[in-house]
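Observations on the three-dimensional arrangement
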Amino acid sequence: MDKKDSLTLLILTVCLVIFPFIVTNTYYISTMVFVGINGIIAIGLSLLMGYAGQISIGHAAFFGLGAYTSAVLTAKLGFHPWGAFFMGILLSSCVALIIGIPSLKLKGHYLAMATLGFGEITYIVFNELTDITGGPSGIGGIPKISLAGYTMNTDIKYYFFVWAFLLLILTLSLNLIHSRIGRALRSIHDSEVAANAMGINTSKLKIQVFMISAVFGSVAGSLYTHYVTFVSPSSFGLFFSILLVMMVVIGGMHSVWGALIGATLLTILPEFLRALKDFEIFVYGAVLLLIMIFLPRGLIGGLEYLFNRLIKKV
Amino acid sequence: MLLYSQIIQYVLSGVTIGSVYAIIALGFNIIYNSTSIINFAQGEFVMLGGLTMIFFTVMLKFPLVIGFPLTVLVLTLIGIIMERFTISPIKKPTVVTLIIVTIAVSILFKGIAMLVWGKDTHFLPPFSGEKGIAFMGASLNPQYIWVVGITVVVVVLLSVFFKYTIIGKAMTACAVNRTAASLMGINVKRMVLLSFVLSAAIGGIAGIIIAPITLMAYDNGAMLGLKGFGAAVLGGLGNFYGAIFAGLLLGVMESLGAGLIHSGYKDAIALLVLLLVLFIKPSGIFGVTEVSGFKKF
């Protein structure tokens, strides 16, 4: 982590702590909880896409695996929420390993198709494995999670809980990026052949990053489950996978901060657009299109540009 | 032989739906070849084709022979508008940017379709009645013959276009090597526009012929597009005949899987086979290895 990152992280933390004291409306707090949950997956996906240069259009599957593991184990089998939480991480990383080994040999659009196929298959399994997952009607009655004696039963508590997780994951990711592994990842993104020639085991590294991003997805899934206390397959379909990719790209693929900005925008935007009723989808598509046409490096690219111009003027 | 005629029945409907996947896959390939973009709005062309046809023939009561070309014309216009206003203005396109742009366009199209046609599922009457024809112990829906017949016509016309016309040859040249093509005096930008027009038109045709079988609603595009993309990848991206073979294969597998194994898993079976093929041969059945590796994200 460099100085700029530490400073931004500090400012973000302060803002996050102040936020619930200024905005007391629980609807906004609850939206921020979802921003945090989506942000965690988006950060993981940005490590995979922006740094290792591997696309995944199936990340909703890992989110779903985490969510369903927590749901099934706690609501049906009476596991402790934290036990289920770690089982979810274990399951997701195993699945990521099994899927990652053959998939990450593929490149470009073929990798996109393979991850997309994996995501769809997982979604279909959630729907059809009625005995375990409850099928399309889902699983309800999931208990709340507690930490150090505090049960996370209000929006405010959950807000702090989720964002603490996000800050932890963000710090881990920033450290990872600035380590030897991070530099190796960037070299894969620029040229896999050159990275290989420099003695980097690229296939192993790609699988490791895929697993890390899967774990982040699973963590977000478990957090989601214990917040809404209900899961059904519709939250983990193709649309969510594509939404995650869009968060990373719209925010700016070359930075984990971009992923966070993208997750914030794409989580909050639909809430604003809901007032437009039938025009919602249309305006949503138009906004995304305009951002991509005018800011091809994403929102963070635009912000950096503005910031640099401001500095030059001063 | 009940099982025998059942299998015949599944293969018939599989070939029909597979023909549509094949046409959609061809649409993906045409744009991919001239731009290396995967156009995620391809499925929306199909949806718009079906719904536009319904607008002309059901709502305005035009006869089929007029509604069909009018629909194709509307779709070519949509193709032109999409390329001019969303693809062409991007200054330094990267593959991921273009993917997200086409996804955004697909959301936009879906939103427009919802505003124009509402959220209902619309019905397009079959072209020549619904009375089944007995065929080897199975019942053959006449619309199936229309679908397969029109697919064959589209494939033949496209082959002739790419092999024997100057513009078609120029597009093929762009697919092989864009820089070399532009050095030979081919206007590459015009070829890109043309590829969108062509893809939109044949996507529209796919929508017209499938609408009487599957019905059509504003949100049907994504799944059709996904299957078409699957067929294009399975056949080897950019490969014309690979796409047709893979489309038919996906359709038949899906139909057999739904009928003989479990209808809920029909998509999963088709996708599983697709994944296995990719894991064994990472460039698709007919793909060339170099092509599969050349675009990074």
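All of these numbers come straight from a predicted model, not from anything done at the bench.

1. Examining the overall build of chain B
A tally of helices and strands in chain B yields twelve helices and two strands. The order of helices and strands in chain B, counted from the N terminus, is α-α-α-α-β-β-α-α-α-α-α-α-α-α. Since a compact globule built from 297 residues should have a radius of gyration of about 19 Å, the 19 Å found for chain B is in line with a globular shape. Along the longest, intermediate and shortest principal axes, the C-alpha atoms of chain B span 60 × 50 × 35 Å. Looking at chain B as a whole, 52% of its 297 residues are labelled buried.

2. Side note on the nonpolar core
Grouped burial of nonpolar side chains is what soluble globular proteins tend to show. Ranked by internal contacts, the top residues of the largest apolar core, which has 195 residues, are Ala42(A), Ile43(A), Met246(A), Met247(A), Val248(A), Ala25(B) and Ala104(B). Counting residues per element, this core draws most heavily on helix α8 (residues 188–214) of chain B, at 14 residues. A domain-level breakdown of this core finds at least three residues from each of domain 1 (29–156 + 190–217) and domain 2 (220–297) of chain B. Apart from the residues lying within four places of it in its own chain, the contact partners of Ala25(B) are Gly228(B), Ala231(B), Ala232(B), Gly235(B), Ala243(B), Ala246(B) and Gly247(B).

3. Focus on the confidence of the model for chain B
Residues and elements named next belong to chain B. Summary statistics for chain B give a mean pLDDT of 85 and a share of 96% for residues scoring 70 or more. This model gives residues 290–297 a pLDDT under 50, and the stretch forms 21 contacts once residues within four places in sequence are excluded. The complex prediction reports pTM at 0.83, with the ipTM value standing at 0.77.

4. Quick look at the packing of helix α8 (residues 180–190) of chain A against helix α10 (residues 202–228) of chain A
Residue and element names in this part refer to chain A. In the contact formed by α8 and α10, the axes pass within 11 Å of each other and the chain directions differ by 110°. On the basis of the axis angle, α8 is roughly perpendicular to α10. For the pair α8 and α10, contact is made by Ala-184, Leu-185 and Ile-188 and by Thr-202, Leu-205, Lys-206 and Val-209, respectively. Tallied by class, residues from the contact of α8 with α10 come to five nonpolar, one polar and one charged.

5. Considering the interface of chain A and chain B
Accessible area lost upon the coming together of the parts is a frequently used measure of interface size. Every contact between the two is made by 34 residues of chain A and, on the other side, 40 residues of chain B. Contributing elements (two or more residues each) for the side of chain A that touches chain B: α5 (108–128), α11 (238–251) and α13 (280–294) of chain A. Among the elements that make up the side of chain A that touches chain B, the one with the highest residue count is α5(A) (twelve residues). Split by residue class, the side of chain A that touches chain B holds 23 nonpolar, six polar and five charged.

6. Things to note about the environment of Gly129(B)
All names here are of chain B. Tracing the sequence through the fold places Gly-129 in the loop between α4 (95–117) and β1 (133–135). What makes Gly-129 exposed here is the crowd of 10 C-beta atoms within 10 Å. Once the C-alpha coordinates of Gly-129 and Val-11 are considered, the two residues, 118 residues apart in sequence, prove to be 21 Å apart.

7. Considerations on the packing of helix α2 (residues 26–51) of chain A against α10(A)
Residue and element names in this part refer to chain A. Their axes nearest at 7 Å, the elements α2 and α10 cross at an angle of 170°. The pairing of α2 with α10 is recorded here as roughly antiparallel in orientation. Judged by residue contacts, Val-33, Ile-37, Ile-40, Ile-41, Ile-43, Gly-44, Leu-45, Leu-47 and Leu-48 of α2 engage Val-209, Phe-210, Ile-212, Ser-213, Phe-216, Gly-217, Val-219, Ala-220, Leu-223, Tyr-224 and Tyr-227 from α10.

8. Quick notes on the domain arrangement of chain B
Residues and elements named next belong to chain B. When its domains are assigned, chain B resolves into domain 1 (29–156 + 190–217) and domain 2 (220–297). The distance between the C-alpha centroids of domain 1 and domain 2 comes to 20 Å. Each partner contributes to the interface: domain 1 provides 18 residues, whereas domain 2 provides 16 residues. Elements supplying a minimum of two residues to the side of domain 1 that touches domain 2: α1 (2–35), α2 (42–59) and α4. No other element matches the five residues that α2 contributes to the side of domain 1 that touches domain 2. Its residues assigned to classes, the side of domain 1 that touches domain 2 shows ten nonpolar, six polar and two charged.

9. Things to note about the environment of Leu9(A)
All names here are of chain A. Take Leu-9: it is sitting in helix α1 (residues 3–22). Along the primary structure Leu-9 and Leu-174 are separated by 165 residues, whereas in three dimensions their C-alpha atoms are 9.9 Å apart. Here Leu-9 is in contact with Leu-170 and Thr-171, once residues within four sequence places are set aside.

10. Some thoughts on the environment of Ile142(A)
All names here are of chain A. As for its position among the elements, Ile-142 is in the loop between α6 (130–133) and β1 (146–147). A residue is classified by how many C-beta atoms lie within 10 Å of it, and Ile-142, with 23 of them, is buried. Separated by 86 residues in sequence, Ile-142 and Val-228 place their C-alpha atoms 8.4 Å apart.

11. Things to note about α4(B)
Residue and element names in this part refer to chain B. Compared with the 33 Å implied by 1.5 Å per residue over 23 residues, the 32 Å span of α4 between its first and last C-alpha is a close match. In terms of burial, α4 is a largely internal element, 18 of the 23 residues being buried. Just beyond α4, the residue with positive phi is Gly-118, at close to 75°.

Criteria and cut-off values
- The numbering scheme is per chain: residues are counted from 1 as the chain's sequence reads.
- As they are written, the chains are lettered A onward and the ligands numbered 1 onward, keeping that order.
- In view of the model being predicted, local features appear only for residues whose pLDDT reaches at least 70, and side-chain atom pairs are presented and counted only at 80 or more, with totals across whole chains, interfaces and linings using the full set of residues.
- Runs of H or I in DSSP of at least four residues are treated as helices and runs of E of at least two as strands, each being numbered from the N terminus.
- Values of the radius of gyration come from C-alpha atoms, whereas the globule rule sets the reference at 2.2 Å times the count of residues to the power 0.38.
- Exposure criterion: with C-beta atoms placed from backbone coordinates, a residue whose C-beta has 20 or more other C-beta atoms within 10 Å is buried, one with 12 or fewer is exposed, and one in between is partly exposed.
- As used here, a nonpolar core is made of buried Ala, Val, Leu, Ile, Met, Phe, Trp, Tyr and Cys residues. They are joined through C-beta atoms within 7 Å.
- Where a domain begins and ends is set by an automatic assignment or by a domain database.
- The contact criterion used here is simple: two residues whose C-beta atoms, placed from the backbone, lie within 7 Å are in contact.
- Residue-level confidence of the predictor is summarised by pLDDT, bounded by 0 at the bottom and 100 at the top.
- Convention adopted: a line fitted to C-alpha atoms gives each axis, helices being fitted over their contacting stretch, and angles between N-to-C directions are expressed from 0 to 180 degrees.
- Any angle between 65 and 115 degrees counts as roughly perpendicular, while under 35 counts as roughly parallel, over 145 as roughly antiparallel, and the rest as oblique.
- Polar here means any residue outside two lists: the nonpolar Ala, Val, Leu, Ile, Met, Phe, Trp, Tyr, Cys and Pro, and the charged Asp, Glu, Lys and Arg; Gly therefore counts as polar.
- One less than the residue count of a helix, multiplied by 1.5 Å, gives the span that helix is expected to have.

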